[in-house]
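Geometric and topological summary
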Amino acid sequence: MAKTADYALGEYTYPRGWFMIGTSADATTTPAAVRYFGEDMVMYRGESGKVFLIEAYCPHMGTHLAKNTSSYVVVDKKHVEGDGIRCPYHAWRFGPDGQCDDIPYSPVKPPKAACVKSWKVVERAGCLWTWYDPENGLPDYELPAFEQWDKPSWVNWNVECLGELACHPQEVVDNMADKGHLEPVHGSIDMIQFENEFDGILVRQILTAGHKTLAGSGAEPMTNDTWYTGPGILQSTMIGEYPSHMLIAHTPVDDGVIKVWYGLFVKVKNDQPTDADRELARGYEQAGVAAFAQDFEIWANKRPCINPLMVRGDGPFDKVRIWYKQFYNPRARAGEFQNRVNGRYVTRGTQQAPWDTAA
Ligand code: FES
Ligand SMILES: [Fe+2]
């Protein structure tokens, strides 16, 4: 398993950006142990309904704040109290900002040092997101709106966690430039168009081709417009009889290990989707998972690719890798990497078609 340093990505082990940390269903008033960015964390839903993400270990004596079933703090349902969480060991309570605000047996006010780190959580489109920044800065770009979530004629996605993958996210992001795998892996026959555009924190791919997994052989070519907003959130729209909007999210768990999710919105013909519409949408989503599983199987079993051996007809992998470095370096240097790649590139062997869909 290769690490960030092996790819010479930059100063930081984990990239700056918006990342998925679970689906809405994953956060309840029973605190859950999670791990992201090389840290053990606890995620829970407070009594207000808000979701919180904090460091896992209590500063008093190092107890894991979630991993307990037998303490009376847990048994008597005092584990989550308001929007705070009580440690199962000596029942110190931490507020949503991570500061200890109650030590039941001590006459003194909790000291300032009695606090755990906390990360802000945004709940949107049935998923939980957090902003991660090794420099601890505020977000420098917006979390995508996922506006289909509230549109009645779109059947909502049912985001599925595909588990952990012991593969550096660089290799997943490489996919944006990977024209050559599309026909062998996904059956993207008769490719008409393959283009990339780099624009700041966005990288985009336009593909027009057949797709054996999604459409069967002999079907009309489809156009996919696919883009990353930052290092961990990929969306893709597909125009067809039933337009769809896909999400692939991946978040570092440890250096060289990611957790991956997949979801698909499908636009149906009725303003209020019927049961049949929902069934059709679920079928599309499952076909999408199958197509993504074709990539997943390759990534799960390959050795790391530190220096790709490129030939003519491969897409602009070098540019994708430069683009990706902006997230592993101080934000003051992001423009440097963006300026080196911003622009549009057509990969040899395809023609440039009109640029008519907007990301
Ligand atoms: S270890 Fe958490 S309250 Fe003592
Ligand atoms: Fe792929």
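In this text, all values refer to a predicted model and were calculated from it rather than measured experimentally. (Residues numbered from 1 in each chain as written. Chains lettered and ligands numbered in written order. Predicted model: local features only at pLDDT ≥ 70, side-chain atom pairs only at ≥ 80, totals over all residues. Heavy atoms only, no water.)

Taken together, the protein ligands of the iron ion (ligand 2) are His181 (NE2), His186 (NE2), Asp295 (OD) and Asp295 (OD), with distances of 2.1 to 2.4 Å. Summarised as a motif, the one-chain spacing of the donors to the iron ion (ligand 2) is H-x4-H-x108-D. Taken together, the residues span a long stretch of sequence, with histidine 186 in helix α3 (residues 182-186) and aspartate 295 in helix α5 (residues 275-301) at a distance of 109 residues. Judged on exposure class, the residue histidine 186 and its partner aspartate 295 are both buried. (Donors = N, O, S within 2.8 Å, 3.2 Å for Na, K, Ca; no water. Helix = DSSP H or I, 4+ residues; strand = E, 2+ residues; numbered from the N terminus. Buried < 20%, exposed > 50% of the residue type's maximum accessible area, 1.4 Å probe, protein only.)

With that settled, the discussion passes to the domain arrangement of the chain. Interfaces are often sized by the amount of accessible area the parts lose when they come together. One can read the domain layout of the chain as domain 1 (25-119) and domain 2 (152-346). Here the C-alpha centre of domain 2 lies 36 Å away from the C-alpha centre of domain 1. The partner domain 2 presents six residues to the four residues of domain 1 that form the contact. Of the roughly 470 Å² buried between domain 1 and domain 2, counting both surfaces, carbon and sulfur atoms make up 52%. Among the residues of domain 1 in contact with domain 2, Arg35, Tyr36 and Phe37 are the three that bury the most area, contributing 86% of the side total. Taken together, the links from domain 1 to domain 2 amount to one salt bridge. For the salt bridge of arginine 35 with aspartate 254, the shortest nitrogen-to-oxygen distance reads 2.6 Å. Counting the contacts that link domain 1 with domain 2 gives four residue pairs in polar contact (both at pLDDT 80 or more). Here the side of domain 1 that touches domain 2 is built from residues that sort into two nonpolar, one polar and one charged. (Domains from an automatic or database assignment. Contact = heavy atoms within 4.5 Å. Buried area = accessible area lost by both parts, 1.4 Å probe. Salt bridge = Lys/Arg side-chain N within 4 Å of Asp/Glu carboxyl O. Polar contact = N/O pair within 3.5 Å; in protein donor to acceptor, adjacent residues only side chain to side chain. Nonpolar A, V, L, I, M, F, W, Y, C, P; charged D, E, K, R; others polar.)

We now examine the packing of aromatic side chains. Considering all chains together, one arrives at 19 aromatic pairs under this definition. Seen in terms of ring centroids, phenylalanine 292 and tryptophan 299 are 5.8 Å apart; in terms of plane orientation they differ by 70°. Their pairing is edge-to-face. In this structure tryptophan 299 comes out as buried when scored by relative accessible area, which is 7%. For the cation-ring pair, lysine 269 lies above tyrosine 242, with the distance from its terminal atom to the ring centre recorded as 4.5 Å. (Phe/Tyr/Trp six-rings, centres within 6.5 Å; stacked < 30°, edge-to-face > 60°. Lys NZ or Arg CZ within 6 Å of the ring centre and 35° of its normal.)

Pairing between the strands of a sheet comes from backbone hydrogen bonds, and it takes one of two forms, parallel or antiparallel. With antiparallel pairing, the four strands of this open sheet are ordered in space as β5-β6-β7-β8. Edge positions in the sheet fall to β5 (80-81) and β8 (100-102), since each has one partner strand and no second. Bridge analysis of strand β7 (residues 93-94) against β8 gives two bridges, and the strand direction is antiparallel. Bridging from a neighbouring strand, phenylalanine 94 pairs with cysteine 100 of β8. (Pairing = 2+ DSSP bridges.)

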